[in-house]
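Observations on the model geometry
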Amino acid sequence: MILSVWVFSRWMALIYLIAFWSLGAQVLGLIGSHGILPLSDFLHYVRQQEGANSFWTAPTLCWFNGSDGFLLFLCGGGVALSILLFMGVMPGLTAFLLWMFYLSLTVGAQDFLGFQWDNLLLEAGFLLIFLLPQPFRINLKPSARPSAIVIWLLRWLLFRLIFESGIVKLVSGDFNWSHLTALTYHYWTQPLPNVISWYANQLPLWFQKLSCALLLLIEIVVPFFIFGGRWGRLIAFFGITGLQLLIILTGNYCFFNLLAIGLCMTLLEDEHYKKILSFPNALVGNLEIRAARVFYKTISSFLAAFILISSLGMMADSFAHISLPRPIEDLLVAISPMRSVNNYGLFAVMTTQRDEIILEGSRDGEHWLPYEFRYKPGNVRQAPRWAMPHQPRLDWQMWFAALGTWRENQWVLALMERLLQGEPAVTRLLADNPFAGHPPRYIEATVWEYHFTDFKTRAQTGDWWSREFKGLYCPIVSLKGGS
């Protein structure tokens, strides 16, 4: 397991690097002092509601400093710590600080960092702390080994991630999953399609159904091979990794699939890594970990009991609707703010319609110009773009806003207000600002239903999308006393 730990820890360092780097380019526009959802307003609200319990309810280092400079410090510090982790510098301490920094940003970012992969990174990062504890130094002694308990907790996390993603599709009762037609909608209704998504959508119905059946097979059956010995784990590795690579090709899910592949790396034995990466035996010797074994095993055992009780309780509550004993319910409530033991499961009910919110500004109320986003659909002639592994948080959140109403997504009004003010931190999140230098007087949000075109239509018109106007998303907005 020495090489598994070595490879996994460095893969995690790269994931953290991507996550912090991506967020650092957006954080001020999202939650800065002049952003869409200012962090200071959020902290003030939590303090009013929770009082002395504020830090536990919203565990973030931003309680000590909520300035724009500190937000940039957390993102930049996360990048620096990721590099240190990759280099193997004080791995236990570095892993802890990475987890704490990302938890702080996840809590402070409110709606913009509430995705399952943010929680998955925190959960995997939490386990990484115990896989690479700081007191355990690198040396040459071959007798010491990393904790098998923590390795199995990472495999258990992988099992839950994939199995829960499959089982939610069946228990939801969605017709499209049970009749294998879900992928006929998925490629064009997913949050941020890429250009290959358009081509995948053109595949015949029989292929879409076969693909859907294989997806369900991999998500529901293959995870059990994780517990099936060396050959079983190899089957799970190739099955789950293959699925993640296909998802990467046909969608923009930032670091999510890369993180799932990282968890798959814990399924391989050191012998596999020696063959794949050609590790010399001398290097393998240098990777041996010296551990205070009794202490380490004790901590790992408590960690395993805590995670197993918590995760099994969550699964029982979510999928079997079993009433949990009061102590376990209290435990789940107590640990939920830390986001380090979670439920998973994407696309339980397949979205079958794609509505897009189009924002337009006007200075006179008659002539309107659209704001173009960097990645989400807008101009029908713009090909779907690649974003992965970067996650454009605003573009993603616009997809969720279109599934509901403006009353359920008050942040959209905050975005429109910032555009009326011409706030540079916010306009930099967009691909184009048609009112640079002089903000508009009015902003309107309209809803359009989008569909992928087919080969014939694109050949004739050059359009990747077709769209139909549905109406206003919310009333036209202007600033009081604005000119």
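Structure report, in brief. (Residues numbered from 1 in each chain as written. Predicted model: local features only at pLDDT ≥ 70, side-chain atom pairs only at ≥ 80, totals over all residues. Heavy atoms only, no water.)

**So, the overall build of the protein**
Of the regular secondary structure elements, the protein holds 22 helices and 6 strands. The C-alpha atoms of the protein give 24 Å as radius of gyration, which agrees with the globular expectation for 483 residues (23 Å, within 12%). Along the first, second and third principal axes, the C-alpha atoms of the protein reach 75 × 55 × 50 Å. Across the 483 residues that make up the protein, the buried fraction comes to 55%. Long-range contacts, defined here as pairs at least 24 residues apart, represent 77% of the contacts in the protein between residues at least 6 apart. For the protein, the accessible surface area stands at approximately 21100 Å², while carbon and sulfur atoms represent 64% of it. Across the protein, 34 positive and 32 negative side-chain charges occur, with their mean positions spaced 10 Å apart. (Helix = DSSP H or I, 4+ residues; strand = E, 2+ residues; numbered from the N terminus. Rg over C-alpha atoms; globule rule 2.2 N^0.38 Å. Buried < 20%, exposed > 50% of the residue type's maximum accessible area, 1.4 Å probe, protein only. Contact = heavy atoms within 4.5 Å. Areas by Shrake-Rupley, 256 points an atom, 1.4 Å probe, with all protein chains shown as cover. Lys, Arg positive; Asp, Glu negative; His and termini not counted. Charge placed at Lys NZ, Arg CZ, Asp CG, Glu CD.)

**Quick notes on the layout of surface pockets**
Considered as a void within the structure, the largest pocket measures approximately 700 Å³ in volume. Lining the largest pocket are 32 residues, with Leu183, Leu215, Leu243, Leu246 and Ile247 positioned closest to its centre. Looking at the lining of the largest pocket, its residues break down into 23 nonpolar, 7 polar and 2 charged. (1 Å grid on protein atoms, 1.4 Å probe; cavity = no way out; pocket = protein on both sides within 12 Å on 5 of 7 lines; lining within 4 Å. Points joined across faces, edges and corners; volume = space filled by probe spheres on them. Nonpolar A, V, L, I, M, F, W, Y, C, P; charged D, E, K, R; others polar.)

**Let's talk about the environment of Val107**
Within the secondary structure, Val107 is located in helix 6 (residues 91-108). Val107 sits in the buried class, given a relative accessible area of 5%. Placed 65 residues apart in sequence, Val107 and Phe42 show a C-alpha to C-alpha distance of 9.8 Å.

**Re empty space enclosed by the protein**
According to the stated counting rule, one finds 1 cavity of 30 Å³ or more in the structure shown. Volume-wise, the largest cavity comes out at about 110 Å³. Tyr375, Lys376, Pro377, Gly378 and Gln382 are, among the 16 residues lining the largest cavity, the residues nearest its centre. Residue classes in the lining of the largest cavity are distributed as 9 nonpolar, 3 polar and 4 charged.

**Describing the packing of aromatic side chains**
Within the structure shown, the criterion is met by 37 aromatic pairs. Look at Trp206 and Phe207: their rings are 5.7 Å apart centre to centre, the planes differ by 80°, and that puts the pair in the edge-to-face class. For Trp206, a relative accessible area of 58% translates into the label exposed. With relative accessibility at 33%, the residue Phe207 sits in the partly exposed group. The rings of Phe115, Trp117, Tyr253, Phe256, Phe347, Trp396, Trp399 and Phe400 are connected pair by pair, giving a single aromatic cluster. Directly above the ring of Trp152 sits Arg155, whose terminal nitrogen or CZ lies 4.5 Å from the centroid. (Phe/Tyr/Trp six-rings, centres within 6.5 Å; stacked < 30°, edge-to-face > 60°. Lys NZ or Arg CZ within 6 Å of the ring centre and 35° of its normal.)

**Side note on helix 8 (residues 148-171)**
An ideal rise of 1.5 Å per residue puts 34 Å on 24 residues; helix 8 measures up with 33 Å between its terminal C-alpha atoms. Burial runs high along helix 8: 19 of the 24 residues are buried. Of the residues trailing helix 8, Gly173 is marked for its positive phi of about 75°. (Expected span 1.5 Å × (residues − 1).)

**Quick word on the pairing of strand 5 (residues 442-452)**
For strand 5, the buried fraction is high: 9 of the 11 residues fall into the buried class. One ladder, built from 9 bridges, connects strand 1 (residues 354-362) with strand 5; its direction is antiparallel. The residue bridging Asp355 from the neighbouring strand is Glu449, located in strand 5. Where strand 5 and strand 6 (residues 465-478) come together, 10 bridges link them in antiparallel fashion. Its bridge partner lying in strand 6, Glu449 is registered against Glu468. (Pairing = 2+ DSSP bridges.)

**A short note on the side chain of Thr250**
You can see Thr250 is positioned in helix 13 (residues 229-250). In this structure the side chain of Thr250 is engaged in a polar contact, spanning 3.0 Å, whose partner is the backbone oxygen of Leu246. When sequence neighbours within four positions are dropped, the list of residues in contact with Thr250 reads Tyr187, Gln190, Asn194, Ile196, Ser197 and Ala200. (Polar contact = N/O pair within 3.5 Å; in protein donor to acceptor, adjacent residues only side chain to side chain.)

**Digging into the packing of helix 1 (residues 2-24) against helix 6**
In a pair of packed helices, the angle between the axes and the distance between the axes together describe the arrangement. Helix 6 packs onto helix 1 with a crossing angle of 35° between their chain directions and a minimal axis gap of 12 Å. As helix 1 runs across helix 6, the sense of the crossing is left-handed. From helix 1, Tyr16, Ala19, Phe20 and Leu23 reach across to helix 6, where they touch Leu98, Trp99, Phe101, Tyr102 and Leu105. Among the residues forming the contact of helix 1 with helix 6, the class breakdown is 9 nonpolar, no polar and no charged. (Axes fitted to C-alpha atoms, helices over the stretch in contact; angles between N-to-C directions. Left-handed = near helix turned anticlockwise from the far one by under 90°.)

**Topic: unusual backbone geometry**
Residue Met388 is joined to Pro389 through a cis peptide bond whose omega torsion reads 10°. Topologically, Pro389 is positioned in the loop between strand 3 (372-373) and helix 19 (393-403). Here Gln110, not a glycine, exhibits a phi torsion of approximately 55°, which is positive. Mapped onto the fold, Gln110 is located in the loop between helix 6 and helix 7 (116-131).

**Some details on the pattern of salt bridges**
In total, this model carries 9 salt bridges according to the counting rule given. As a salt-bridge pair, Glu219 and Lys169 come within 3.1 Å of each other at their nearest N and O atoms. Of this pair, Glu219 sits in helix 12 (residues 205-220) while Lys169 sits in helix 8; the two residues are 50 residues apart in sequence, bridging distant segments of the chain. Assessed through its relative accessible area of 9%, Glu219 is described here as buried. With a closest N to O distance of 2.8 Å, Glu269 and Arg233 form a salt bridge. Taken together, the residues span a long stretch of sequence, with Glu269 in the loop between helix 14 (256-264) and helix 15 (270-277) and Arg233 in helix 13 at a distance of 36 residues. A relative accessible area of 15% means that Glu269 is categorised as buried. Under the relative-accessibility criterion, Arg233 is labelled buried at 10%. (Salt bridge = Lys/Arg side-chain N within 4 Å of Asp/Glu carboxyl O.)

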